[in-house]
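# Tertiary structure, described
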Amino acid sequence: MAKELKELTSRSVNFSQWYQDLVIKADLAENSAVRGCMVIKPYGYAIWEKIQRQLDDMFKETGHVNAYFPLFIPKSFLSKEADHVEGFAKECAVVTHYRLKNSPDGKGVVVDPEAKLEEELIVRPTSETIIWNTYRNWIQSYRDLPILCNQWANVVRWEMRTRLFLRTAEFLWQEGHTAHATREEAEAEARKMLEVYAEFAENFMAVPVIKGVKSASERFAGAVETFAIEALMQDGKALQAGTSHFLGQNFAKAFDVTFATKEGTQDYVWATSWGVSTRLMGALVMTHSDDNGLVLPPKLAPYQVVIVPIYKTDEQLAQINEKVATIVSKLKELGISVKYDNADNKKPGWKFAEYELKGVPVRLAMGGRDLENNTVEVARRDTLTKETVSCDNIEMYIKKLLDDIQENIFKKAVDYRSQNTISVDSYDEFKEKIEEGGFIMAHWDGTPETEERIKDETKATIRCIPLAGDKTPGKCMVTGKPSAQRVVFARAY
RNA sequence: CGGGGUGUAGCGCAGUCCGGUUAGCGUAUCUGCUUUGGGAGCAGAGGGUCCCAGGUUCGAAUCCUGGUACCCCGACCA
């Protein structure tokens, strides 16, 4: 009758294990039979769909349209942009044959050696090459520009070690690929999409992010400039939550994409690309959740409210059903998604624990006492507090509560980040503080050599050079050479 | 690719060192009764290729050889 007891590893004892447990036990995802690939379960996918829809709306509002490009990329395409090859060629899945045949020994099937492909196909690790090869045919004149396409797709990167949502061999994402007539317009596009990502992260996921520029060594393979949003997880490690790249004319040159300008000359097209992935699900879990399970922001929760009846007799249940029905319809009128769980094969206590694990922001419980008093018990997931309130105008109360929760978990995350962001001026202090986790703001001389040395000695990387905030120049903490501004260091996922 | 670990019921594990009844425990599942304001209790039932192959032995989950899968740590990670 009762379900398997679900206990999570404590967050403070082993964050990594806690995360893994939680993703599995809250029914978000699980490892699949295929190495490094995950199965996203219905509950996890419901959250992903909310993320997708919201982002898609935001892309449309900024003038973008969706399209779809092939899963397979001819091997030769990948080698056309020199830096791009360097960055991606090593971790790809490759299709070498197009047919199987019955095994000669009668057991199963084998790859038919006759069916070897003339040119191997790469399962896309990202789509710049296939898209720019296509754009060449779409673009002749400045009148064809800009092209503002986005694609929702899966990509494959043969990572050596994987973790659910954070790094998987196959993952779902969106990739925007735009083409512009001028450098200025393309740069503005890359920055605009960074803003869209930051707004989404903060206003919908309630995950505070730092917007910044990547250092040369962390830059996307083939980009001129990479912008990123960086978030801080509850264990003090950083997570890159989204990137937007200004690609210059690199891909246009590699794929020979030129256009006739207003002035009648020929010029290469300017490009951007930008993406966020199912990794956002990992960020969501690692930012807000606690030892009782997920904590979902109301704006992304598949159910914002769950209602649990507590009853002794069928008559009592019937009364509660009736009362709850009116509450449900009033909540729905306000656009609040609600689930009434009156299944009689689970006990109330079991349901309470289960919906906490699933991160439902608000739980209402109604029992005999409430029927008599015209009240309902309201429990909020973020603070784990309960209070009994009148059923009159309950819908307005809930609406406001959902807004409060959205705001509160964001504020909590912002506070956590402030408490774990420090400035240091000496390398010795840096080495000491990096052990405690968090963001460290420090001066850096701008050279890859110093960056590399810091990484080797401390495992910390430059997460980004922040676009906003303190721009005071100083001296590099390692070499003492001039530094334009402080940059963000952290150990990262 | 290097180092370590594990494979026994749906899930989690004990048993393996030191071979020996019918392979066991928790949980889940099913049945019945009692329960229901924070993951219910009691009673009963079903469920096994002990990862695979070979070897040693009167006898192998246990010992030996080979294979295989998965996990952890490292290297790697636009």
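The following refers to the structure shown. Sequence order as written defines the numbering, with residues in each chain counted from 1. Each chain takes a letter, starting from A, and each ligand takes a number, starting from 1, following the order in which they are written. The model is predicted, so local features are restricted to residues of pLDDT at least 70 and side-chain atom pairs to those at 80 or more, both for listing and for counting; the totals for chains, interfaces and linings are taken over all residues. Heavy atoms throughout the structure, all of them, feed into the side-chain values; hydrogens and water do not.

It is worth spelling out the overall build of chain A at this point. Secondary structure is summarised from DSSP: a helix means a run of H or I of at least four residues, a strand means a run of E of at least two, and numbering begins at the N terminus for each. In terms of regular secondary structure, chain A is built from 14 helices and 27 strands. Each principal axis of the C-alpha atoms in chain A carries an extent, and together these give about 80 × 70 × 55 Å. Only protein chains enter the area calculation, which uses a 1.4 Å probe; residues under 20% of their type maximum are buried, those over 50% are exposed, and those in between are partly exposed. For chain A, with 493 residues in total, the buried portion stands at 51%. For chain A, the exposed area adds up to about 22,900 Å²; of that, 50% sits on carbon and sulfur atoms. Using a 1.4 Å probe, the Shrake-Rupley method yields the accessible areas, and only the shown protein chains count as cover for residues.

Here the focus is the protein's contact with RNA strand B. For this purpose, a residue is taken to be near a molecule or strand whenever a single non-hydrogen atom of the residue falls within 4 Å of it. Arg157, Arg161, Arg167, Ala221 and Arg363 are the nearest of the 35 residues found near RNA strand B. Taking the atoms of RNA strand B that fall within 4 Å of the protein, sugar and phosphate contribute 41% of them. Within the side chain of arginine 167, a nitrogen or oxygen atom sits 2.3 Å from a base oxygen of RNA strand B. Polar contact is the term for a pair of N or O atoms within 3.5 Å; when the atoms are in protein, one must be able to donate a hydrogen and the other to accept it, and sequence-neighboring residues count only if both atoms are side-chain atoms. One of the backbone nitrogen or oxygen atoms of glycine 368 is found 3.0 Å away from a base oxygen of RNA strand B. For the surface near RNA strand B, the elements supplying multiple residues, two or more each, are α10 (348–357), β19 (362–366) and α11 (368–373). No other element matches the seven residues that α10 contributes to the surface near RNA strand B.

Put plainly, a pocket is an open set of points on a 1 Å grid over the protein atoms alone with protein on both sides within 12 Å along at least five of seven lines, a cavity is a set where a 1.4 Å probe fits but cannot get out, and a lining residue has an atom within 4 Å of a point. Grid points are joined across faces, edges and corners, and a volume is the space filled by probe spheres set on the points. Volume-wise, the second largest pocket comes out at about 300 Å³. Lining the second largest pocket are 14 residues, and of these Ile310, Gly367, Gly368, Arg369 and Asp370 lie nearest its centre. Within the residue set of the lining of the second largest pocket, elements represented by two or more residues are α11 and β20 (375–380). No other element matches the four residues that α11 contributes to the lining of the second largest pocket. The residue makeup of the lining of the second largest pocket, split by class, is four nonpolar, six polar and four charged. Charged means Asp, Glu, Lys or Arg here, nonpolar means Ala, Val, Leu, Ile, Met, Phe, Trp, Tyr, Cys or Pro, and polar covers whatever is left, Gly included.

Within β19, five of the five residues are buried, which leaves it mostly tucked inside the rest of the structure. Burial along β19 is two-sided: the residues Val362, Leu364 and Met366 and Arg363 and Ala365 are all buried. Bridge count between strand β17 (residues 305–309) and β19: five bridges; the pairing is parallel. Following the sheet pairing, isoleucine 307 is matched in β19 by leucine 364. Strands were regarded as paired on the criterion that DSSP finds at least two bridges between them.

Angular values range over 0 to 180 degrees, each being the angle between N-to-C directions of two axes fitted as lines to C-alpha atoms, with helices fitted over their stretch in contact. The geometry of helix α2 (residues 42–61) relative to helix α6 (residues 183–203) is characterised by a closest axis approach of 11 Å and an angle of 145 degrees between their N-to-C directions. α6 is crossed by α2, and the crossing has right-handed handedness. Contacts between α2 and α6 involve Ile51, Gln54, Leu55, Met58 and Phe59 from the former and Met193, Val196, Tyr197, Glu199 and Phe200 from the latter. Class assignment for the residues of the contact of α2 with α6 results in eight nonpolar, one polar and one charged. By convention the crossing between two helices is left-handed if the near helix lies anticlockwise of the far one by an angle smaller than a right angle, and right-handed if it lies clockwise. By the convention used here, residues are in contact when the closest approach between their heavy atoms is within 4.5 Å.

Here the focus is empty space enclosed by the protein. For the structure shown, the criterion picks out one cavity of 30 Å³ or more. One number sums up the size of the largest cavity: a volume of about 60 Å³. As for the largest cavity, its lining consists of Tyr355, Glu356, Val360, Pro361, Val362, Arg363, Ala379, Arg380, Arg381 and Leu384. Mapped onto the lining of the largest cavity, the elements with two or more residues apiece are α10, β19 and β20. Here the residues of the lining of the largest cavity are counted per class, giving six nonpolar, no polar and four charged.

This next bit is on helix α1 (residues 15–25). Those residues of α1 lying buried are Phe15, Trp18, Tyr19, Asp21, Leu22 and Val23. Close packing links the buried residues of α1 with β1 (29–31), α8 (279–288) and α10. Positive backbone phi, approximately 65 degrees, marks aspartate 27, located one or two places after α1.

As a further point, take the environment of arginine 279. Checked against the element boundaries, arginine 279 lands in helix α8. Using a relative accessible area of 16% as the deciding quantity, one classes arginine 279 as buried. Sequence-wise, arginine 279 and glutamine 406 are 127 residues apart; in three dimensions their C-alpha atoms are separated by 21 Å. Look past the residues within four positions of arginine 279 in its chain and what remains in contact with it is Phe165, Leu166, Arg167, Leu239, Gln240 and Tyr493.

Here the focus is the packing of α1 against α8. At their nearest, the axes of α1 and α8 sit 11 Å apart, and the two run at 120 degrees to each other. Between α1 and α8, the angle falls in the class oblique. Seen from above, α1 lies across α8 with right-handed handedness. Touching Phe15, Trp18, Tyr19 and Leu22 of α1 are Gly282, Val285 and Met286, all from α8. Looking at the contact of α1 with α8 residue by residue, the class counts come to six nonpolar, one polar and no charged. For classification purposes, angles smaller than 35 degrees are called roughly parallel, those larger than 145 roughly antiparallel, those between 65 and 115 roughly perpendicular, and all remaining angles oblique.

For the bond from leucine 145 to proline 146, the omega torsion is -5 degrees, close enough to zero to count as cis. One can find proline 146 in the loop between α5 (128–138) and β9 (147–156). Unusually for a residue other than glycine, leucine 384 sits at a positive phi of about 60 degrees. Assignment of secondary structure puts leucine 384 in the loop between β20 and β21 (385–390).

With that out of the way, let us pick up the sheet that holds strand β5 (residues 94–97). Taken in spatial order, the three strands make up an open sheet running β4-β8-β5, and their pairing is antiparallel. Here the strands that pair on one side only, and so sit at the sheet edges, are β4 (72–74) and β5. Between one strand axis and the next, the sheet turns through 40 degrees on average, direction left out of account. As paired strands, β4 and strand β8 (residues 116–123) are joined by three bridges and run antiparallel to one another. Within β8, the position partnered with isoleucine 73 by the bridge is isoleucine 122.

Relative to the elements of secondary structure, threonine 261 occurs in the loop between β14 (258–260) and β15 (266–268). Of note is the side chain of threonine 261, whose polar atom sits 2.7 Å from the side chain of threonine 265. For threonine 261, the residues in contact, after removing those within four places along its chain, are Tyr142 and Asp267.

With that out of the way, let us pick up the environment of methionine 205. Inspection of the secondary structure assignment puts methionine 205 in the loop between α6 and β11 (210–213). Taking C-alpha positions, methionine 205 is 8.7 Å from leucine 280, a pair spaced 75 residues apart along the chain. Not counting the four nearest positions on each side in its chain, methionine 205 is found in contact with Phe200, Leu280, Ala283, Leu284, His288, Pro297 and Leu300.

By themselves, these figures tell us nothing about what the structure is for.
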